[in-house]
Amino acid sequence: DCRVVEPVTVWMVHLGLQAGTKPPEVRGTLTLGEQGLEFVERKTGADVRFDYASIRRAKRLRGSPVLLLDWTTGEADRKTAFYFSQPPPLEPVPRSATIDPRGPLGPFTRATPSKRQVARMNLGYLRSTSVTNRQVVKAWAEAVSERMRRAG
């Protein structure tokens, strides 16, 4: 009666590690293992396992192609996001001395987008990719939750 999901390419991002630093996104393959959720990094082959007993919650973030894992390690509570499509850059493009030649520049236009504009564009991108991945992410969240319950 156990849900089966196929291994899938995702980008793993550990959230809340250090204030002010951008968490690295790591591309790899996510698999449902016997003892835990397994992630194998594409470049190095390094693997990370999240034991089902250590996972407190697995949920799909509405409106995005993201599976969010709440888990514990020792005494610490952690959060890890798995993006089922490549995450957009979290930082705005650094300002340069060159002016963007794509359009007229007036007193109210910018050569580079503001942080708010970048955030809005990123949100739009995640929403658009969410539609194609909604069922896959939902199936993963349900399969992980089912295994967590069985692990006790």
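Residues numbered from 1 in each chain as written. Predicted model: local features only at pLDDT ≥ 70, side-chain atom pairs only at ≥ 80, totals over all residues. Heavy atoms only, no water.

This paragraph deals with the nonpolar core. The biggest cluster of nonpolar side chains holds 24 residues, and the ones touching the most others in it are Leu-30, Leu-37, Ile-55, Leu-69, Phe-82, Phe-84 and Trp-140. Mapped onto this core, the elements with two or more residues apiece are β1 (8-15), β2 (25-32), β3 (36-41), β5 (55-61), β6 (66-73) and α1 (115-151). Per element, the largest residue contribution to this core is six residues, and it comes from α1. Once residues within four sequence positions are removed from consideration, Phe-84 is found in contact with Val-8, Thr-9, Val-10, Leu-30, Pro-65, Leu-67, Asn-133, Val-136, Val-137 and Trp-140. With seven residues, the next largest nonpolar core counts Val-13, Leu-68, Ala-81 and Tyr-83 among its residues. (Core = buried A, V, L, I, M, F, W, Y, C linked by side-chain atoms within 4.5 Å. Buried < 20%, exposed > 50% of the residue type's maximum accessible area, 1.4 Å probe, protein only. Helix = DSSP H or I, 4+ residues; strand = E, 2+ residues; numbered from the N terminus. Contact = heavy atoms within 4.5 Å.)

For the rest of this paragraph, the subject is the pairing of β5. Sheet topology places β5 next to β6; six bridges connect them, and they run antiparallel. Within β6, the residue paired with Ala-58 across the bridge is Leu-69. Here β5 folds back onto β6, and the loop between the two strands holds four residues, one of which, Gly-63, carries a positive phi near 75°. (Pairing = 2+ DSSP bridges.)

We now examine the packing of aromatic side chains. All chains considered together, the criterion is met by four aromatic pairs. Between Phe-50 and Trp-71, the ring centres sit 5.0 Å apart and the planes meet at 85°, which makes this aromatic pair edge-to-face. Residue Phe-50 is found in strand β4 (residues 47-51), and its partner Trp-71 is found in strand β6; the two are separated by 21 residues along the sequence. Relative accessible area serves as the criterion here: at 2%, Phe-50 is assigned to the buried category. Aromatic rings pair up to connect Phe-39, Phe-50, Trp-71 and Phe-82 into one cluster. (Phe/Tyr/Trp six-rings, centres within 6.5 Å; stacked < 30°, edge-to-face > 60°.)

With that out of the way, let us pick up the sheet that holds β4. A sheet is described by the order of its strands in space; here seven strands give the open sequence β4-β3-β2-β1-β7-β6-β5, paired in antiparallel fashion. Pairing within the sheet leaves two strands with one partner each, and these edge strands are β4 and β5. Across the sheet, the axes of successive neighbouring strands diverge by a mean angle of 30°, strand direction being ignored. Relative to strand β7 (residues 76-83), β6 is paired through eight bridges, and the arrangement is antiparallel. Paired with Leu-67 across the strands is Phe-82, a residue of β7. (Axes fitted to C-alpha atoms, helices over the stretch in contact; angles between N-to-C directions.)

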